[in-house]
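Below, each chain spelled out in residue letters.
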Amino acid sequence: MAATDFNAGPVSVRKIETLVVVALRHLPEAADTLVTALRAVGISAAPNPGQVLGQNPWALWRSPSEVILLATHRNHTDAAVAAMMGTSLACAVNQTDGVLALELQGQQLDDLLRRLVDSRSLPGLPGTSTQARLVDISITLVRHESDRLWLLAERPQTEYLVNWLKHAGACLEP
Amino acid sequence: MSAYRLPGLAGAWIDRSQKLNFNFDGRALQGYSGDTLASALLATGSMHVARSFKLHRPRGIFSCGIEEPNGLFEIGDDARRTPNTRATDINLYEGLVARPGNVWPSLKFDILSINNYFAGLLPAGFYYKTFMWPAWRLFEPAIRRAAGLGHAADPHSGSDPDRYDELSMNAHTLVVGGGVAGMQAALDAADAGHDVLLMEGQSQLGGWTAAQGEAARTQIATLAGQIEKAGVRVVTACTVIGLYDHQFVSAVQVLDENGQTRERLWKMRVAQIVLACGAFERPMLFPDNDRPGVMLASAVQRYAELYGVACGRRVLLTAACDSAYGVAHSLMAAGIEVAAIIDHRDETAAQAPTGVPVYRSSAIVSVKGGQEVTGVTVISHDGLHRQEILVDCIAVAGGWTPAVNLYSMAGGSLQWDERSSMFAPSKDLPGITVVGACAGKLDVGWVPADNRPTPVALSALGQIPGKIFIDLQNDVAASDVALAAQENFRSVEHLKRYTTMGMATDQGKTSNVNAIVLMGALTQRTPPQVGTTKFRPPFKPVTINTIAGGRSGERFKPLKRMPGHDWHTERGGLFEDFGGWLRPAAYPIQGESLEQAAQREAFQVRQTVGLFEGSPLGKIEVFGPDAADFLDLMYVGTMSTLPVGGARYGILINENGVVFDDGIVARLAPDHFWVNTTSGGVERVVLAFEEWLQCEYVNHRVLVTPVTSAWGNVTVSGPKAWALLERAGFDATLAPGAMKHMTIRDIDHAGTRMRVLRASFNGELGYEINLPAQETSSLIDRLWDLGHDLGVVPYGIEALMVMRTEKGFLHVGGDTDGTTLPGDIGMDRGIAKKAANFVGRRSLLRPASLDASRMQLVGLIPVDRKTLLPVGAHVVAPPGPPGLIDGFVTSSHPSPNLGHPVALAMLQRGRARVGEIITVHHLGKAIDAQVVATPFFDPQGERLNGRD
């Protein structure tokens, strides 16, 4: 499998080894269940589209019926997962094993990403996230700082993604 | 040789301190930094540089921009060779190698120039009329070989080593064109507080004005300083090539023709677009107007002003507009002799330079010189006055054509300007403004639409006049346009396609308007009545690799890898693309072919135990109070009656009743289902589910979550499958006696949560172990280590296909197509009893769906028990082809477990024809086969429970 720690030109790319990814799915009638689950892990409300709330775990909006919870350890998500049980109107689906999470960092981070995704798909401010199309695959971008963000993709696409990151990095002028 | 490099400091854009060596047609030459290939060639006196497409007539550089129709060369060698490249659009670099594209054996002596003598046999559309007897196909290969303007890189020379960049950019305002109008528009937008991007196709700003003398260039420099100070982002050598819906724009920037990153594709979506693309000069029409040395007047001026090149020692201007007079002044100022101005019009306010004679109401009727212009014959329109003038360059100024290509791509309509004889934008569009010459805002006096010599003048020549060329690149002459009119190809669309006018790489930039005017004159219509064809991207030719960007090799298309990929690689897996996943087709050992490996694996699995990674199998969690009802709506079968822990095979059909996917549905809890789909079909199934939930069944409380990547799948199958799992410590509750076929268990095995499904796609005792994807490799590795003395064997997709065919199991997409209904594959048994409605149900009641003669899936065995029936082979009723087909073979394999080939086929009324001998035809071969019921192997299904 492709090595996932490398430099894409002047931008460093590092795999986040232990990122827990849980999809909190809910029907409209279970909005309260979702809020309860988020409060159980210290997040006061459900995020709006593009918003990232919380700090380990982080909650991102994905669709009207889905919030993604990211954390560095499952301890940070267990309470939310538990709160989603007990109703047939909501559930928590662990997607951790299916997600490749990379941290990209560098001054030319946006220059790199503009070679791979539509510039309007980039999350602008820290604390925002977007879903984007990276060439021909779907990804999620989470901006933490102006020069640091997370890129989440389907793990089976690792080779393809790494190839593209390296290719785009090579086109950057230092 | 007539063209030459002007002495002194002439040439505002070149750097005479930096000489560059290049090679053209085997000749070592020199130019300067800042030269284009065209200017460098002209400076060496190279007038004849190419041959025309069809007639192989000598041609020279015609223009100074992307509209160049003649100077098309192959640039570079080996894998970097690029054909059909305009010399005017290539910046000279050290070591550049260029050659004409369609000459043999040489430029000066081209054998195919004989075509010119047979021009009468090669008019527009000749291939519809000539070379018909005895058969077109005898001539077609030779004609195709002779066609074309160059050769692409030889595939044996390797892949293109250059890198091509791609960039998505935001801006509020995009200004296309860096001439004065464009720069002013950019400045205005920046001063209004907008984020402005200005793109200019040439390597420097200035446009037409840059060639209007030193004072003009000073004005440009001042303006350039202002826009830089205003924060405008300027990108040069960047041509906007396409304007699409919703203000989406693409552009190609040339970075370094000889460097590592060669070109960059820009993709932008902007709020406001300003088109300042300028205008193309129109040629004059006169006999032999294609000779080397005939050039656009503005080009002659630009070569002198910007590149320090005189295109001739004695230049003649022929004009139908006032701009020619400005060119005359410019050339004189540069020290180039202007022999005369031939003005098609009888009067104008424009003033010629002192000492330059002007012949009004006159036209060129003959050009002397075969390989280069040596002189002209000029006759007045009334035929009474004749001049013979010695010249070596003819600069033509027939008017101007606003570059409306991008405007037209945006859907803008054009209007005809009677005074200037040009098509110009009729109005601005939402989000798009047109300025400057591109908007038709240029005053060049009155311009006659038709600038051909009069018939009287041509008659006064006293000899048959030469061809008048309209479209230089495709060798389309006025006679071809006349032929089109004569044969009633009067519509501008027919004119274009019948004559190929405007269909070359220059897209008619210098020919469209002349052709339209001529067609109008021939058919008593005005140019707007003839109309224009649609402009489409790209605005100028673009290399394919620029569009492809990095899409090659591993980056060409996303190919998913399974969690156990490395494990399969270590065991010699031969990988292929199956439904977007890289999967082992087989594991050849000891020099086996793929087929041999698949046969061995299929045999061994049925003897012992096989390991297969089924991770790509689509997996969807369907959850909610209405999940069961919803699945009844989606599937042909009934899923709501499944007990918890039960599983059922189901097929999915669309609204037309056509099968589009299949898989096993298992019930994990009253309101929780685990849905499997085909490996390549999970996205379309999720899409179908969501579409129905969001658009039709909006009150159904269901959550659909795809989890394919999160779960790995290790499939253990064969008579010793349980023996292996037992050895690995799996609980006895999973033993065949305790766990029924088509049931699922949620278990914890060695601290890992797993969902174990007893299912089988090969007819053997089978366990599909679903587990967190990251654990897949360790499980399969552990089973492999434990199973050696049991004879464990890894098996790939090909072996699986052999085994499932032996069982007569369906392969959606292989045994089905866009017409297959459930009844065709024997899956309609429960439909009548199913109370719940389901998607596609009504379509199954159509007469065509109930037709008894529909194709049905059956088994076939060759009568000789030896011949493999080819997939796709047709069943044709006696006496055989040609005839209506009765059916076709869909799957076919040698069966290692039966000792003879087996096949599946779609056959009309197939199930009623079991026992019948039919004939299968393939490429002239006839093979007899018997229709049989399936399964071929283990018809009672006893092996499912691990018993022989």
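In what follows, the accompanying structure is described.

Reading guide: rules and limits
- All residue numbers refer to position in the chain's written sequence, counted from 1.
- Going through the entries in the order they are written, you letter the chains from A and number the ligands from 1.
- The model is predicted, so local features are restricted to residues of pLDDT at least 70 and side-chain atom pairs to those at 80 or more, both for listing and for counting; the totals for chains, interfaces and linings are taken over all residues.
- Computation of side-chain values: all heavy atoms of the structure, hydrogens and water removed.
- Elements are defined by DSSP. Helices are runs of H or I of four residues or more, strands are runs of E of two residues or more, and each kind is numbered from the N terminus.
- The classification of residues rests on relative accessible area computed with a 1.4 Å probe and restricted to protein chains. Under 20% of the type maximum is buried, over 50% is exposed, and intermediate values are partly exposed.
- In the analysis that follows, any N or O atom pair within 3.5 Å is treated as a polar contact, provided that within protein one partner can donate a hydrogen and the other can accept it, and provided that, for residues neighboring in sequence, both atoms belong to side chains.
- Contact criterion: two residues are considered in contact whenever any of their non-hydrogen atoms come within 4.5 Å of each other.
- Pairing between two strands requires that DSSP report at least two bridges joining them.
- Between N-to-C directions, angles span 0 to 180 degrees; the directions come from axes that are lines fitted to C-alpha atoms, helices contributing only their stretch in contact.
- What makes a salt bridge here is a side-chain nitrogen of Lys or Arg within 4 Å of a carboxyl oxygen of Asp or Glu, nothing more.
- The set of buried Ala, Val, Leu, Ile, Met, Phe, Trp, Tyr and Cys residues whose side-chain atoms join them within 4.5 Å is what this entry labels a nonpolar core.
- Using a 1.4 Å probe, buried area is obtained as the accessible area two parts lose upon being combined, added over both of them.
- Lys, Arg, Asp and Glu make up the charged group, whereas Ala, Val, Leu, Ile, Met, Phe, Trp, Tyr, Cys and Pro make up the nonpolar group; the residues left over, Gly among them, are polar.

Residues and elements named next belong to chain B. Considering the arrangement of structural elements, one finds Ser511 in the loop between helix 11 (492–499) and helix 12 (512–522). Judged by its relative accessible area of 1%, Ser511 falls in the buried class. Polar side-chain contacts of Ser511 include one of 3.2 Å to the side chain of Asp471. The contact partners of Ser511, leaving out residues within four places of it in the chain, are Ile470, Asp471, Met501 and Gly502.

Quick look at the side chain of Arg561 of chain B now. Residues and elements named next belong to chain B. If you trace the backbone, Arg561 turns up in strand 31 (residues 560–561). Classification of Arg561 by relative accessible area gives buried; the value is 8%. One polar contact links Arg561 to Glu554, side chain to side chain, over a distance of 3.4 Å.

Another aspect to go through is the sheet that holds strand 19 (residues 337–343) of chain B. For sheets, the rule is that strands pair by backbone hydrogen bonds, running either parallel or antiparallel. Residue and element names in this part refer to chain B. The strand order 16-24-18-19-20 describes an open sheet built from 5 strands, whose pairing is parallel. Here the strands that pair on one side only, and so sit at the sheet edges, are strand 16 (294–296) and strand 20 (358–360). Adjacent strand axes in the sheet meet at a mean angle of 20 degrees, parallel and antiparallel pairs treated alike. Sheet analysis places strand 19 next to strand 20, joined by 3 bridges and oriented parallel. Of the residues in strand 20, the one forming a bridge with Ile341 is Val358. Contacts between helix 6 (residues 297–307) and the sheet are confined to strand 16, strand 18 (314–319) and strand 24 (393–397), with strand 16 contributing the most and set at about 85 degrees to the helix.

What follows deals with the sheet that holds strand 2 (residues 11–15) of chain A. Residue and element names in this part refer to chain A. Read across the open sheet, the 6 strands follow the order 1-2-8-11-10-9; overall the sheet is antiparallel. Sheet topology places strand 1 (6–8) and strand 9 (128–134) at the edges, where each strand pairs with a single neighbour. Within the sheet, the average angular offset between the axes of one strand and its neighbour, ignoring direction, is 30 degrees. With 7 bridges joining them, strand 9 and strand 10 (residues 137–145) adopt antiparallel strand pairing. Paired with Ala132 across the two strands is Ile139, which belongs to strand 10.

Turning our attention to the pattern of salt bridges. All names here are of chain B. Applying the stated criterion to the full structure yields 60 salt bridges over all chains. Asp661 is the salt-bridge partner of Arg684, the closest N and O atoms lying 3.0 Å from each other. Of this pair, Arg684 sits in helix 18 (residues 682–695) while Asp661 is found in strand 37 (residues 659–669), placing the two residues 23 residues apart along the sequence. Since its relative accessible area comes to 39%, Arg684 is described here as partly exposed. Here the salt bridges share partners, and the residues they tie into one network are Arg57, Arg59, Asp288, Asp290, Arg291 and Asp475.

Glancing now at the nonpolar core. Core analysis: the largest hydrophobic core is formed by 106 residues, its most contacted members being Leu37, Phe73, Tyr303 and Ile394 of chain B. The element best represented in this core is helix 6 of chain B, accounting for 7 residues. The residues touching Ile394 of chain B, leaving out its near neighbours within four places in the chain, are Phe286, Gly293, Val294, Met295, Leu316, Thr318, Ile364, Val367, Val373 and Val376 of chain B. Residues Leu24, Ala80, Met84 and Val142 of chain A belong to the second largest nonpolar core, which totals 47 residues.

In this assembly, 43 residues from chain B lie in contact with 38 residues from chain A. Regarding the contact of chain B and chain A, the summed buried area is about 3,500 Å², with carbon and sulfur atoms giving 54% of it. For the pair chain B and chain A, the interface holds 3 salt bridges. Here Arg561 of chain B makes a salt bridge to Glu159 of chain A, at a shortest N to O gap of 3.9 Å. Connecting chain B to chain A are 16 residue pairs in polar contact (both at pLDDT 80 or more). Breaking the side of chain B that touches chain A down by element, the ones donating at least two residues are strand 9 (163–176), strand 14 (261–275), strand 31, helix 15 (565–570) and strand 39 (703–706) of chain B. Among the elements that line the side of chain B that touches chain A, the one with the most residues is strand 9 of chain B, at 9 residues. When its residues are assigned to classes, the side of chain B that touches chain A shows 19 nonpolar, 9 polar and 15 charged.

Turning our attention to the pairing of strand 26 (residues 414–417) of chain B. Residues and elements named next belong to chain B. Bridging between strand 26 and strand 27 (residues 422–425) involves 4 bridges; their strand directions are antiparallel. Bridge assignment links Leu414 to a residue of strand 27, and that residue is Pro425. Turn length for the strand 26-strand 27 hairpin, with the two strands adjacent in sequence and antiparallel, is 4 residues, and the turn residue Ser421 shows positive phi of about 50 degrees.

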